[in-house]
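# Fold and geometry: a report
Each chain is listed here by its residues.
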Amino acid sequence: MAKANFTVPELKQYAEIPAIEPGAMAHSSPFVSKPEFQEPLGFPGELAEDWQDHAIAKMGEMLGKYRSLRVYLDSCVKCGSCTDKCHYYIGTKDPKNMPVGRQDLMRKVYRRYFTLAGKYFPKLVGAEDFTREVLDDWYSYFHQCSQCRRCSVFCPYGIDTAEISMAAREIMDGIGMGQKYCNEIIAKVYKIGNNLGLPGPALLDTLEGLEEDVEDETGVAVKYPVDQEGAEILLVTPSADFFAEPHVDGLIGYGKVFHEAGVSWTVSSYASEAANFGMFIGSYENMRQISQRIRKAAIDLKVKRIVFGECGHAWRVAYSFLNTLAGPWDFLDPRYPVPQHICEFTNELIKEGKLKFDKSQNDDMVLTFHDSCNVARATRMGDRPGGQFEIPRAVIKAVCNNYFDMDEETIRERTFCCGGGGGLLTDDLMEIRVKGAKPRVEALNNVMQEKGVTHLAAICAICKSQFSKVLPFYGMEMDQVVSVHQLVSNAIVLTGQETENDDEDEEAGDAA
Amino acid sequence: MSFLTVVYAILFYFAFAVLLAGLIRKIVQYARTPAPLKIPTTPAPTTEAGVALRLFREVVFFESLFKGNKWIWIFGWVFHFGLFLVTLRHLRYFIDPVWLPIQLVQPFGIYGGMAMVAGLAGLWARRFLVDRVRYITGPSDHLILALLILIGLSGLMMTFVVHVDVISVKLFFRGLMTFNISPLPADPLLLLHLLLVAALMIVFPFSKLLHAPGLFFSPTRNQVDNPREKRHIANWAKSLEQ
């Protein structure tokens, strides 16, 4: 079990709503960004003397640009429906981690400076001046939100705390109080092309290594091409897929599926990152600039289709925003949606019967599926609402014999975030990450006890990294997390592949 | 004409003007503010008709609240539906002759009044009994509940305890509508009831009661899930594309 210098929540058989403990997580704040990470993004280096004026001006600007912000700050009636829905509240008991508690940190400033009631009767409506204490609270608690949108499912007005958190981070960036983790990474994307700072030659090297591994294992020469001009498909995948476990096993799976489909594909060293941290910091401009790299790569490589790898928030930017930020995509093949998710791609082939599987290759596992928050509540797959739930499950069930869902209250649109999304996947936020994972790990623990589940499949780089890191805090193993396309990779029988099963069949024949 | 009648006439003209102008101002503000990105909470409808149906379910059945919390849903829905019946019943003060459906709804309006008060009491109790809800409750939340519950109670009392001359009340409001003011009965309960209603009208556009128009402008609820098929771009964002 991993060592923690805080109390790891206890897992229960039935989900409990904790009593509030004000201030329980007030000490949690990520490292503040240094000037060198702020400036490449177009933000001031550090907090200036007159930050308050700038912050209020910025807020006014954003109220004019985002209807969501304006409507959501006005509409809350404090009914309480959201109060027990946030995984960070359930895991920390801090009432400022209740969605409404978090929103109110901004709402009280909004009311003070932008509403009649707050200007003249601040006490009555809970309006407050934007003081340094309030700013510190913002910095702390708007970095305890993973923008997972679970609250927005249960709000009678659809108030989405993610919209508020994003706006708060944009305002803080605008006054020089950015978060190191996100902003450093975005600067890396601009300089090198991906979040991990993996340069082109290293990428080429890694993918050549994968080709060798796959050929050694299967005897089939599956290609993992980089910057191949004229390829049909541009694969955009989170850079963690290039080397982290279990991500890379998923990447191996994508390559095998493309191989069997008989389509040419390539990754781009220029746009070698699916994740778009511009969304986490609520910056339309940065989100757009990062998205434009994909457009440029698609044009330069003359591809006809774009497919995204397994990544949650990336799929949100891809599915919901890419057409807005980097479209129109009229130069691509109009027969396919732009972009497509790798699960949509694989599922189509499965339905057409073009892939051959040996499901027994996954018989050492009993699986469950974690609906990644942003895939579940901010995107779709396929052409029907809810395809984002059914398609990954269909893929898993096509390649595995043993599958069980977790409690209905914790999956599909009600799924709990892994606890590391929205720009919190950094070691300086380990406590909130572990505590925020509690509801998901609790549901996982229950299917492990009741159904004998051994592994959790996910389609998000953040979820995979987060679970690998936090499961040990709860006494579980880091390798209980698997990629969906890792399962596909295990089970797929490549054309011309000499499988272990052939040997086994022969042996079985001999024995009989 | 009595001083009281003049005061109440002015009060209601003022309250009506504030309500109307305030709401129009907010609605125009919401409508003019762009929603630059597609953010429906999914699974979401893929057609306009589907979105209309989703909003209908939210407005009429409080679908999301039902998913969120059954107690708040019961109290909240009972209150709002009660208020709806009460509002229909009160239309008789403003139209002449009274339409048949409004005549038929009259007795239900009384049950509506009781339901409204019961629902409000439940919602208010939660503000004391549930620690999470107590934490997020401010003075204005209590005041609005007090205002609504007093409106309901004073109204019910005029039905069951101290009757008022409803014919005169109707003449007063019909008079207001035709700028031909007739006297208002100086009944304390009636005056209290009307004063509180006027206060509610004035407070409406400056308070959380804006949730009513807000719901229709909520991008997570009113957007069609079709970002891949149709490019969605705000005017201010177009300028980034030079």
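Worth saying up front: this structure is predicted, and the values here are computed from it rather than measured.

### Observations concerning the overall build of chain A
The helix and strand inventory of chain A stands at 23 helices and seven strands. Its C-alpha atoms give chain A a radius of gyration of 23 Å, within 12% of the compact-globule value 24 Å for 512 residues. By principal-axis analysis of the C-alpha atoms, chain A measures approximately 90 × 55 × 40 Å. When each of the 512 residues of chain A is scored for burial, the buried share is 58%. Summarising the internal contacts of chain A: among those between residues at least 6 apart in sequence, 80% fall at separations of at least 24.

### With respect to the overall build of chain B
Tallying secondary structure elements over chain B gives 12 helices and zero strands in all. Along chain B, helices (α) and strands (β) appear in the sequence α-α-α-α-α-α-α-α-α-α-α-α when read from the amino end. Taken along its principal axes, the extent of the C-alpha atoms in chain B is 65 × 45 × 40 Å. For chain B, the proportion of its 242 residues judged to be buried stands at 33%. At a minimum sequence separation of 6, the contacts of chain B that also span at least 24 residues come to 73%.

### Overview of the interface of chain B and chain A
With 57 residues of chain B at the contact, the number on the chain A side is 61 residues. Of all the secondary structure elements, the ones that give two or more residues to the side of chain B that touches chain A are helix H1 (3-32), helix H3 (63-68), helix H4 (70-90), helix H6 (131-136), helix H7 (139-160), helix H10 (211-216), helix H11 (219-222) and helix H12 (235-238) of chain B. The element that contributes the greatest number of residues to the side of chain B that touches chain A is H6(B), accounting for five residues.

### Considerations on the sheet that holds strand S1 (residues 233-236) of chain A
Hydrogen bonding along the main chain pairs the strands of a sheet, whether they run parallel or antiparallel. Residues and elements named next belong to chain A. Read across the open sheet, the four strands follow the order S2-S1-S3-S4; overall the sheet is parallel. The sheet is open, and its two edges are formed by strand S2 (265-267) and strand S4 (340-341), each paired on a single side. Across three bridges, the pairing between S1 and S2 is parallel. Looking at S2, one finds that Ile 233 is bridged to Trp 265.

### Focus on the sheet that holds strand S7 (residues 481-483) of chain A
Residue and element names in this part refer to chain A. Overall, parallel pairing links the three strands, which are arranged S5-S6-S7 in an open sheet. The open sheet has two free edges, formed respectively by strand S5 (367-369) and S7, since each of these has just one partner strand. The sheet shows a mean angle of 35° between the axes of neighbouring strands, direction not considered. Where S5 meets strand S6 (residues 455-458), three bridges bridge the pair, whose relative direction is parallel. When the sheet's bridge partners are listed, Thr 368 is paired in S6 with Leu 456.

### A short note on the domain arrangement of chain A
Residues and elements named next belong to chain A. Domains assigned within chain A are domain 1 (35-180) and domain 2 (192-404 + 453-491). Of note, the centres of domain 1 and domain 2, computed from C-alpha atoms alone, are 32 Å apart. Mapped onto the side of domain 1 that touches domain 2, the elements with two or more residues apiece are helix H9 (150-154) and helix H10 (161-174).

### A closer look at the nonpolar core
All names here are of chain A. Counting residues in each nonpolar core, the largest one holds 181 residues, and the members touching the most others are Phe 308, Ile 396, Ala 457 and Leu 487. With nine residues, helix H15 (residues 312-326) is the single largest residue contributor to this core. In contact with Ile 396, not counting residues within four places along its chain, are Leu 367, Phe 369, Tyr 403, Ala 457, Val 484 and Leu 487.

### Overview of the environment of B:Ile72
Considering the arrangement of structural elements, one finds B:Ile72 in helix H4. For B:Ile72, a count of 23 C-beta atoms within 10 Å gives the class buried. A C-alpha to C-alpha distance of 39 Å links B:Ile72 and B:Ala237, two positions 165 residues apart in sequence. If near-sequence neighbours (up to four positions away) are discounted, B:Ile72 is found in contact with A:Cys79, A:Gly80, A:Ser81, B:Leu65 and B:Arg126.

### A short note on the pairing of S6(A)
Residues and elements named next belong to chain A. Side chains of S6 alternate between two faces, with His 455 and Ala 457 and Leu 456 and Ala 458 buried alike. Strand direction decides the pairing type here: S6 and S7, joined by three bridges, are parallel. Pairing of Ala 458 across the sheet is with Ser 483, part of S7. Note that the unit made of S6, helix H21 (residues 461-470) and S7 has a crossover that is right-handed.

### Remarks on helix H22 (residues 484-491) of chain A
Taking burial as the measure, the eight residues of H22(A) include eight buried ones, the bulk of the element. Residues of H22(A) that are buried in the fold lie against helix H13 (247-261), helix H16 (342-351), helix H18 (387-399), S6 and S7 of chain A.

### Regarding unusual backbone geometry
Between B:Thr42 and B:Pro43 the backbone carries a cis peptide bond, its omega angle lying at 0°. By secondary structure assignment, the location of B:Pro43 is in the loop between H1 and helix H2 (48-61). Omega for the bond connecting B:Asp96 with B:Pro97 falls within 30 degrees of zero, at 0°, which places this linkage in the cis form. Its identity as a non-glycine residue notwithstanding, A:Gln147 has a phi of 55°, on the positive side. Within the fold, A:Gln147 resides in the loop between helix H8 (132-141) and H9. By C-beta crowding, A:Gln147 is classed as buried, having 26 other C-beta atoms within 10 Å.

### Side note on H2(B)
Residues three or four positions apart in an α-helix share a direction because the helix packs 3.6 residues into each turn. With 14 residues, H2(B) should reach 20 Å at 1.5 Å per residue; the first-to-last C-alpha distance of 19 Å fits that figure. Two residues or fewer after H2(B) comes B:Phe62, characterised by a positive phi angle close to 55°.

### Regarding the confidence of the model for chain A
Taken residue by residue, chain A gives an average pLDDT of 95. The fraction at 70 or more is 97%. Taken as a whole, residues 503-512 of chain A scores under 50 in pLDDT and shows zero contacts with residues more than four places along the chain or in a different chain.

### What about the packing of helix H5 (residues 99-114) of chain A against H10(A)?
Residues and elements named next belong to chain A. Interaxial distance between H5 and H10 falls to 10 Å at its minimum, and their mutual angle equals 35°. Relative to H10, H5 is oriented so that their crossing is left-handed. Taking contact as the criterion, the partners of Pro 99, Arg 102, Gln 103 and Met 106 in H5 are, on H10, Thr 161, Ile 164 and Ala 168. Taken together, the residues that form the contact of H5 with H10 break down as four nonpolar, two polar and one charged.

### Considering the packing of H13(A) against H16(A)
All names here are of chain A. The N-to-C vectors of H13 and H16 enclose an angle of 40°; their axes lie 11 Å apart at closest approach. With respect to H16, the element H13 is oriented oblique. Between H13 and H16 lies a crossing whose hand is left-handed. Residues Tyr 254, Val 257 and Ala 261 of H13 touch H16, and the partners they reach there are Ile 342, Phe 345, Thr 346 and Leu 349. For the contact of H13 with H16, a count of residues per class yields six nonpolar, one polar and no charged.

### Re the pairing of S1(A)
Residues and elements named next belong to chain A. What you see with S1 is no split at all: Ile 233 and Leu 235 on one side and Leu 234 and Val 236 on the other are buried throughout. For the segment spanning S1, H13 and S2, crossover handedness is right-handed. One ladder, built from four bridges, connects S1 with strand S3 (residues 305-308); its direction is parallel. Within S3, the residue paired with Val 236 across the bridge is Phe 308.

### Remarks on the confidence of the model for chain B
Taken residue by residue, chain B gives an average pLDDT of 97. The fraction at 70 or more is 100%. Taken together, the chains of this predicted complex give a pTM of 0.94 and an interface ipTM of 0.96.

### Points about the environment of B:Leu83
With respect to the secondary-structure elements, B:Leu83 resides in helix H4. Sequence-wise, B:Leu83 and B:Leu191 are 108 residues apart; in three dimensions their C-alpha atoms are separated by 20 Å.

Cut-off values and rules
- Residues numbered from 1 in each chain as written.
- Chains lettered and ligands numbered in written order.
- Predicted model: local features only at pLDDT ≥ 70, side-chain atom pairs only at ≥ 80, totals over all residues.
- Helix = DSSP H or I, 4+ residues; strand = E, 2+ residues; numbered from the N terminus.
- Rg over C-alpha atoms; globule rule 2.2 N^0.38 Å.
- Buried ≥ 20, exposed ≤ 12 C-beta atoms within 10 Å, placed from the backbone.
- Contact = placed C-beta atoms within 7 Å.
- Pairing = 2+ DSSP bridges.
- Axes fitted to C-alpha atoms, helices over the stretch in contact; angles between N-to-C directions.
- Domains from an automatic or database assignment.
- Core = buried A, V, L, I, M, F, W, Y, C linked by C-beta atoms within 7 Å.
- Right-handed = clockwise from strand over helix to strand, strands pointing away.
- Expected span 1.5 Å × (residues − 1).
- pLDDT = per-residue confidence, 0-100.
- Left-handed = near helix turned anticlockwise from the far one by under 90°.
- Nonpolar A, V, L, I, M, F, W, Y, C, P; charged D, E, K, R; others polar.
- Parallel < 35°, antiparallel > 145°, perpendicular 65-115°, else oblique.

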